Amino acid sequence: MFYSFLRVVIRIILFIVNGKATYLNRDRLPDGPYILVGPHRTWFDPVYFALAASPRKFSFMAKEELFQNSIFRWLLHHVNGFPVNRDNPGPSAIKTPVRMLRRGDLSLIMFPSGSRHSSELKGGAALIAKMAKVPLVPAVYQGPLTFKRLFSRKRVTVAFGDPITIDRHLKLDEDGQATIEQQMQAAFDALDQQIDPDFHYVDVTAEHAEKK
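A quick note: this is a predicted structure, and the numbers were derived from the prediction, not measured.

Caption draft 1: View of the sheet that holds strand 6 (residues 136–142). Strand order in the open sheet formed by seven strands is 1-7-6-2-5-3-4, and the pairing between neighbours is mixed. Edge positions in the open sheet fall to strand 1 (22–24) and strand 4 (81–84), since each of these has one partner strand only. Across the sheet, the mean angle from the axis of one strand to that of its neighbour is 25°, orientation sign disregarded. Of the strand pairs in this sheet, strand 3 (residues 57–63) and strand 5 (residues 106–110) are connected by four bridges, and their pairing is parallel. When the sheet's bridge partners are listed, F58 is paired in strand 5 with S107.

Caption draft 2: Expanded view of the pairing of strand 3. Where strand 3 meets strand 4, four bridges bridge the pair, whose relative direction is parallel. Across the sheet, the residue bridging to A62 is P83, located in strand 4. A crossover connection joins strand 3 to the parallel strand 4 through helix 3 (residues 70–78); in handedness this β-α-β unit is right-handed.

Caption draft 3: Molecular detail of the packing of helix 1 (residues 2–18) against helix 2 (residues 45–52). Put simply, helix 1 and helix 2 touch, their axes get as near as 11 Å, and they point 110° apart. It follows from the interaxial angle that helix 1 and helix 2 lie roughly perpendicular. Taken as a pair, helix 1 and helix 2 cross one another with a handedness that is left-handed. Facing helix 1, whose interface residues are Y3, R7, I10, R11, L14 and N18, helix 2 presents V47, Y48, A50 and L51. In the contact of helix 1 with helix 2, the residues fall into seven nonpolar, one polar and two charged.

Caption draft 4: Region of the structure containing the packing of aromatic side chains. On inspection of all chains with the given rule, the structure shows nine aromatic pairs. Both rings, one in Y34 and one in F58, keep their centres 5.9 Å apart while their planes meet at 75°; by these two values the pair is edge-to-face. With Y34 in the loop between strand 1 and strand 2 (35–37) and F58 in strand 3, this residue pair connects regions lying 24 residues apart in the sequence. Look at F58 and you get buried, because its relative accessible area is 2%. Among the aromatic residues, those joined into a ring-pair cluster are W43, F44, Y48, Y141, F147 and F151.

Analysis parameters
Residues numbered from 1 in each chain as written. Predicted model: local features only at pLDDT ≥ 70, side-chain atom pairs only at ≥ 80, totals over all residues. Heavy atoms only, no water. Pairing = 2+ DSSP bridges. Helix = DSSP H or I, 4+ residues; strand = E, 2+ residues; numbered from the N terminus. Axes fitted to C-alpha atoms, helices over the stretch in contact; angles between N-to-C directions. Right-handed = clockwise from strand over helix to strand, strands pointing away. Parallel < 35°, antiparallel > 145°, perpendicular 65-115°, else oblique. Left-handed = near helix turned anticlockwise from the far one by under 90°. Contact = heavy atoms within 4.5 Å. Nonpolar A, V, L, I, M, F, W, Y, C, P; charged D, E, K, R; others polar. Phe/Tyr/Trp six-rings, centres within 6.5 Å; stacked < 30°, edge-to-face > 60°. Buried < 20%, exposed > 50% of the residue type's maximum accessible area, 1.4 Å probe, protein only.

Here it is as structure tokens:
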């Protein structure tokens, strides 16, 4: 209930601040649970991903430090967040999302690169998808990269790619991981081209740090 209420509130706020977002290829979204994967470009792109794929509800990983604050812990719990130790993830980082996905009522938002400052894809999403027997759905966000720039009303666009199904016989060794990573990256590149052929992502946070 709280998740649905908060989604409506956030949708209204973002509409007032930035206008109506554009969502492309929603017909590619599966009916059942899946893992939505994309390059992490701004702290609020998971919010736009969740809105774009509505009415499906999502869970997501959050760094465990956020759960030390009682207010954040309550909020994260009610929006289906679960803690992960980024330095030492441990088995729960895999088991928790697999269990959620198998229940069928939630999908999962993941950023394979792990952070906004890395372009290297990691293997966690593929392993979770294989164990939970759900597809990976590529998605990209293009638009303002800071909350302040949202007020410029530069259009936000989210595009979805075709689901990537992981063969249950595929070994997720180095070669297997590389195969899935190449499929994801190719999908991200194709979606960026679909939205804007001249698109080039610049990490504004790193750029700002360099100027200091």
